[in-house]
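Geometric and topological summary
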Number of protein chains: 2
Amino acid sequence: MSKLVTKITDRDTDFAAWYTDVVREADLVAYSNVKGSMIIRPYGYAIWESMQNYLDKEFKKLGHQNVQMPMFIPESLLNIEKEHVKGFAPEVAWVTHGGDTPLEERMCVRPTSEVLFCDHFKNIIKSYRDLPILYNQWCTIVRWEKTTRPFLRSREILWQEGHTMHKTEVEAREETLRMLKVYEDFQRNILALPVLVGRKTEKEKFAGAEETYTIEAMMYDGVALQNGTSHYFGQGFAKSFGITFLDEENKLQTPYQTSWGCTTRMIGGVIMTHSDNHGLVLPPNIAPIKVRFVPIKNTEEIMECIKNITSKLPEGITYDIDDSDKSPGFKFADAEVKGIPIRVEIGLRDLEEKVAPLVRRDTLEKMTVSLDDVAKEIENLLPVIQASMYDKALERRDSMIYETEDYQEFKTLASTKPGFILSPWCGSTECEDKVKDETSLKSRCIKEEIEGKTCPFCGKPAKYMIYFGRQY
Amino acid sequence: MSKLVTKITDRDTDFAAWYTDVVREADLVAYSNVKGSMIIRPYGYAIWESMQNYLDKEFKKLGHQNVQMPMFIPESLLNIEKEHVKGFAPEVAWVTHGGDTPLEERMCVRPTSEVLFCDHFKNIIKSYRDLPILYNQWCTIVRWEKTTRPFLRSREILWQEGHTMHKTEVEAREETLRMLKVYEDFQRNILALPVLVGRKTEKEKFAGAEETYTIEAMMYDGVALQNGTSHYFGQGFAKSFGITFLDEENKLQTPYQTSWGCTTRMIGGVIMTHSDNHGLVLPPNIAPIKVRFVPIKNTEEIMECIKNITSKLPEGITYDIDDSDKSPGFKFADAEVKGIPIRVEIGLRDLEEKVAPLVRRDTLEKMTVSLDDVAKEIENLLPVIQASMYDKALERRDSMIYETEDYQEFKTLASTKPGFILSPWCGSTECEDKVKDETSLKSRCIKEEIEGKTCPFCGKPAKYMIYFGRQY
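All of these numbers come straight from a predicted model, not from anything done at the bench.

Cut-offs used in this document
Residues numbered from 1 in each chain as written. Chains lettered and ligands numbered in written order. Predicted model: local features only at pLDDT ≥ 70, side-chain atom pairs only at ≥ 80, totals over all residues. Heavy atoms only, no water. Least-squares fit on C-alpha atoms with pLDDT ≥ 70 in both. Contact = heavy atoms within 4.5 Å. Buried < 20%, exposed > 50% of the residue type's maximum accessible area, 1.4 Å probe, protein only. Helix = DSSP H or I, 4+ residues; strand = E, 2+ residues; numbered from the N terminus. Arc of directions from axis to C-beta. Salt bridge = Lys/Arg side-chain N within 4 Å of Asp/Glu carboxyl O. Core = buried A, V, L, I, M, F, W, Y, C linked by side-chain atoms within 4.5 Å. Pairing = 2+ DSSP bridges. Axes fitted to C-alpha atoms, helices over the stretch in contact; angles between N-to-C directions. Disulfide = S-S within 2.5 Å. Left-handed = near helix turned anticlockwise from the far one by under 90°. Nonpolar A, V, L, I, M, F, W, Y, C, P; charged D, E, K, R; others polar. Domains from an automatic or database assignment. Buried area = accessible area lost by both parts, 1.4 Å probe.

As for the relation of the copies chain A and chain B
Of the two same-sequence chains, chain A is brought onto chain B (RMSD 0.0 Å, axial shift 0.0 Å) by a rotation of 180°. Taken together, the rotation angle and the small translation identify this as a two-fold axis. Considering only C-alpha atoms, the residue of chain A closest to the rotation axis is Val95(A), which sits at 2.1 Å. Both copies present the same face, since 100% of the interface residues in chain A are matched by interface residues at the equivalent positions in chain B.

Below, the structure is given as structure tokens:
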């Protein structure tokens with residue numbers, strides 16, 4: 001085993017230590033002297049840029065425009081929507097001085113920007129002609145978390161937040177679900193995450209929303225990661241902020257609103273779903289580098305051979321060449337720890353035999369391919385890896401979802417089986433609270449409406465099937 | 001005159017009012033209730049995205065990698081480099097509380113990130129193999145300005161900051177000038193700004209730098225806009241932070257450092273150089289929309305005709321169609337106020353005559369073109385507009401640079417002629433202070449080293465030719 005690999009804790013022995021080891025050894029993140037804040041290193045940031053590029057294009061295709069709002073929120077502005085301020089005030093960072101001068105009114109660094117957008121919408125929405133407004137913002141937000149973990153829980157979060165305003169409830173509800181679908185497709189097809197999608201309960205919804213829809217991924221250890229949310233606000237914020245428009249008949253109306261967001265936390269989700277004891281495993285569709293060429297010796301012949309292969313790779317198949325003076329073993333381990341989907345090794349003997357070994361990162365399977373076919377094989381293999389990573393994650397997830405209608409069995413499952421439990425539920429917050437108190441499981445999302453079953457927590461008729469689970 | 005145009009103050013009557021009118025009427029920016037912070041609206045943000053796309057590609061071509069540092073700087077970290085803290089501490093925003101809890105140590109929101117990068121570099125630089133490090137960050141910084149103006153001076157600034165570390169002084173100096181050249185080329189070729197480039201004086205250099213190089217643009221009113229800087233730090237920060245590396249002979253060495261940055265202020269520079277009483281004028285190379293089609297009536301035939309033209313436009317020539325139900329006059333004024341380089345008007349009579357009027361935004365010149373040639377004409381015209389905007393700005397700039405070796409004439413020029421004064425200078429801060437006190441002009445940048453002339457401010461031998469001017 002190489003030096004690199006021995007630095008990674010065994011995943012089944014200590015999942016938390018394994019995670020931080022992978023994050024560190026893959027050069028994704030570094031710790032800083034700023035408590036609770038992480039440094040995103042070039043390789044980690046390149047993954048975020050891949051995510052941004054994909055999502056930004058999707059948002060724009062659907063007519064969204066990027067804007068930039070202020071980073072600070074004056075206290076009085078944060079206080080306008082009552083539910084919202086209750087949800088966020090306890091965890092904001094307060095700016096009290098500019099230079100040596102105390103501020104007349106303290107400001108927080110935005111924990112999310114609903115109130116800033118509403119304050120702006122109030123000024124720019126006059127008529128039905130101004131609607132819909134479809135805005136998005138890429139920015140950093142701050143939540144003063146006490147315990148932090150790279151990508152999962154951090155005082156500063158890189159994210160995007162969509163904020164839209166519509167003439168009708170129907171339109172706004174459609175937008176809420178449309179953007180949820182964008183997230184779902186992205187996570188399934190690009191991140192290879194077999195996510196569950198559904199509505200949050202009243203207890204778990206966003207502070208100020210009428211309805212919150214969520215993307216819930218299950219990590220290797222069975223714990224849930226909320227990986228994106230889309231909110232239908234109704235007219236709540238709009239009424240608090242006095243946002244109105246004149247409709248086609250010149251009558252004053254209140255618009256309907258949505259917001260939706262996802263963050264660098266998705267990088268944590270990718271790591272905790274796909275990676276292993278050798279380090280990171282990246283789905284090809286999000287990997288900044290899709291192929292790494294490892295010359296066993298840095299000779300001219302080998303470099304020429306690599307150049308010949310790369311010249312045949314179609315655009316979009318990004319690659320690099322590890323021509324460092326490290327040993328082959330070190331180079332292999334480095335390609336593995338960084339999760340590069342395909343590694344191509346080329347040595348002098350391979351040149352003679354006109355073949356090259358290709359190694360799949362996801363399975364560590366090694367196949368020997370004729371030099372003439374390497375480029376073609378790479379092109380064929382990348383989508384195979386992508387699909388196979390999804391299938392593997394789906395199979396594991398499904399094997400860790402337990403269905404029960406019995407509270408005793410629910411409790412046993414909760415204390416012995418990592419994963420999610422699918423259960424009927426009456427819809428009351430009391431039952432949710434009881435489950436939380438007695439099993440420490442929280443509701444993830446509502447799967448569907450049902451009839452004819454009983455809520456195992458109170459014995460009343462059940463209205464929904466709902467997932468419960470622990471969460472990051 | 002249309003309603004839109006009458007909202008813009010005459011440029012020669014009140015330049016400051018004209019500027020804010022253009023910024024507002026072109027929908028670039030909105031004011032917010034957060035004092036000193038602006039909202040960048042979709043059209044303004046699209047210009048910034050164009051700038052980012054171009055520069056980010058150039059940075060990456062030269063081997064730079066993007067990273068993300070924390071947004072906060074603990075006070076003790078800011079205090080490490082003495083010159084640096086003196087320069088920035090008076091204008092930072094201080095965070096003192098997280099939720100209800102007072103922080104053990106207050107933190108400022110980064111005004112620039114040198115100390116954060118150095119703190120990280122100390123941890124990741126061990127050996128000569130780790131160098132050079134070529135990092136860049138796109139982020140928001142905060143400087144607690146008392147008076148603010150959109151894009152020019154704002155409490156929050158969107159920018160990029162490059163931070164690099166090198167083995168040798170030669171390499172670091174080369175990097176400083178290489179990135180200065182990237183900025184210069186960008187501003188000349190893309191923004192059509194005829195910028196002056198040179199070294200800042202000791203008095204005007206960045207707090208903590210050994211040398212600062214600057215890009216100085218002259219606005220329509222003769223006032224300078226510092227539009228980007230590149231700093232050579234030598235080993236100053238590295239020594240303060242204890243950053244060292246083992247060289248090829250296993251000896252401990254201190255690396256050499258640079259940093260360089262440019263901001264949304266460049267948008268202000270574009271406005272104040274090229275725009276006019278009809279609103280914004282954008283150089284084609286930075287315009288988010290290069291052509292606007294204005295159907296005089298929204299009939300099917302006209303739409304079909306426009307579709308036929310746009311299908312022949314090469315990729316990269318972005319366009320939109322104003323199919324609103326506004327009057328043609330309103331539509332023309334809107335295309336003008338937004339600075340769209342070419343407007344194509346298509347009415348029913350034009351269709352019959354198989355021609356279309358094309359209007360150049362920079363000159364407002366109207367030419368009638370056969371429908372078959374419209375696409376080709378657009379393609380030909382865009383670079384002509386780009387070049388002609390540069391030439392016009394260059395001519396105006398040159399006509400507003402006055403050269404003198406006589407202090408009396410210098411003073412007369414300073415009080416009567418907007419623009420820059422090129423003068424010999426001995427190199428002393430005393431003379432710079434004197435000029436500042438007596439004429440309120442500050443040094444812009446050193447043009448070149450000279451011999452054989454006299455410093456008009458003290459009578460000693462002059463070492464440099466240097467530009468003086470007022471500044472934003």
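Focus: helix α10 (residues 300-310) of chain A
Residue and element names in this part refer to chain A. Buried residues of α10: Ile302, Cys305, Ile306, Ile309 and Thr310, and no others. The buried residues of α10 occupy one face: seen down the axis, they fall within an arc of 135°. Looking at α10, the residues exposed on the side facing more than 90 degrees away from the buried face are Glu300, Glu301 and Lys307. Of the surrounding secondary structure, the elements contacted by the buried residues of α10 are β15 (291-295), β16 (319-321), β17 (342-346), α12 (348-353) and α13 (374-399).

Things to note about the pattern of salt bridges
Following the criterion strictly, the structure yields 68 salt bridges over all chains and no others. Measuring nitrogen to oxygen at the nearest pair gives 3.1 Å for the salt bridge that ties Arg106(B) to Glu75(B). With a gap of 31 residues between them, Arg106(B) in strand β6 (residues 101-109) and Glu75(B) in helix α4 (residues 75-78) connect regions that are remote in the sequence. Here Arg360(B) and Asp362(B) are joined by a salt bridge, their closest N and O atoms 2.8 Å apart. Across the pair, exposure class does not vary: Arg360(B) and Asp362(B) are buried alike. Through salt bridges that share partners, Asp27(A), Arg41(A), Arg292(A), Asp320(A), Asp334(A) and Lys338(A) make up one connected network.

What about the nonpolar core?
In this structure, Phe72(A) and Phe72(B) are the most contacted members of the largest nonpolar core, which totals 84 residues. Once residues within four sequence positions are removed from consideration, Phe72(B) is found in contact with Val34(A), Ala93(A), Val109(A), Val142(A), Trp144(A), Glu156(A), Val95(B), Met107(B), Cys108(B), Val109(B) and Leu116(B).

A few points about the sheet that holds strand β5 (residues 93-98) of chain A
Taken in spatial order, the 6 strands of this open sheet run β4(A)-β6(A)-β5(A)-β5(B)-β6(B)-β4(B), and their pairing is antiparallel. At either end of the open sheet lies a strand with only one pairing partner, and these are β4 (72-74) of chain A together with β4 (72-74) of chain B. Each neighbouring strand pair of the sheet contributes to a mean axis angle of 45°, computed without reference to strand direction. As paired strands, β5(A) and strand β5 (residues 93-98) of chain B are joined by 5 bridges and run antiparallel to one another. Residue Ala93(A) lies in a different strand from β5(B), and its bridge partner there is Gly98(B).

Some remarks on the state of the cysteines
Residue and element names in this part refer to chain B. Within the structure shown, the criterion is met by 0 disulfides over all chains. Free cysteine: Cys139, not disulfide-bonded; nearest cysteine sulfur from Cys262 at 12 Å. For Cys445, which is in no disulfide, the shortest distance to another cysteine sulfur is to Cys455 and amounts to 17 Å.

Quick notes on the packing of helix α2 (residues 15-25) of chain A against helix α9 (residues 265-274) of chain A
Residue and element names in this part refer to chain A. The interhelical angle for the contact between α2 and α9, taken along N-to-C directions, is 115°, at an axis separation of 11 Å. In this structure, α2 meets α9 at a crossing whose hand is right-handed. Here α2 contributes Phe15, Trp18, Tyr19, Val22 and Val23 to the contact with α9, which in turn contributes Gly268, Ile271 and Met272. Considered class by class, the residues forming the contact of α2 with α9 number 7 nonpolar, 1 polar and no charged.

Focus on the environment of Pro328(B)
By secondary structure assignment, the location of Pro328(B) is in helix α11 (residues 328-337). For the pair Pro328(B) and Glu345(B), spaced 17 residues apart in sequence, the C-alpha separation works out to 8.9 Å.

Some words on the domain arrangement of chain A
Taken as a whole, chain A is organised into domain 1 (34-273), domain 2 (291-383) and domain 3 (401-469). Between domain 1 of chain A and domain 2 of chain A, the C-alpha centre-to-centre distance is 41 Å.

Looking at the interface of chain A and chain B
Every contact between the two is made by 50 residues of chain A and, on the other side, 50 residues of chain B. Area buried by chain A at its contact with chain B is led by Gln68(A), Met71(A) and Trp144(A), which between them contribute 14% of it. Scanning the region where chain A abuts chain B turns up 4 salt bridges. Of the charged contacts in the structure, one is a salt bridge between Arg129(A) and Asp325(B), with a shortest N-O distance of 2.9 Å.

Here's the deal with the side chain of Thr201(A)
All names here are of chain A. Along the polypeptide, Thr201 turns up in the loop between β9 (196-199) and β10 (211-218). What makes Thr201 buried here is its relative accessible area of 1%. Thr201 has contacts with Trp425, Glu432, Ser443 and Ile466, leaving out every residue within four places of it along the chain.

Overview of the sheet that holds strand β18 (residues 355-360) of chain B
All names here are of chain B. Here 5 strands make up an open sheet; going across it, the order is β16-β15-β17-β18-β19 and the pairing mixed. Both outer strands of the open sheet, β16 (319-321) and β19 (366-370), are each paired with one neighbouring strand and no more. The mean angle between the axes of side-by-side strands here comes to 25°, regardless of whether they run parallel or antiparallel. In the sheet, strand β17 (residues 342-346) pairs with β18 via 3 bridges, with the strands oriented antiparallel. Its bridge partner being in β18, Arg343 is matched across the sheet by Val359. Contacting β15 (291-295) and β17, α11 runs over the sheet at an angle of about 175° to β15. Where helix α13 (residues 374-399) meets the sheet, it contacts β15, β17, β18 and β19, and its direction lies at approximately 15° from that of β18.

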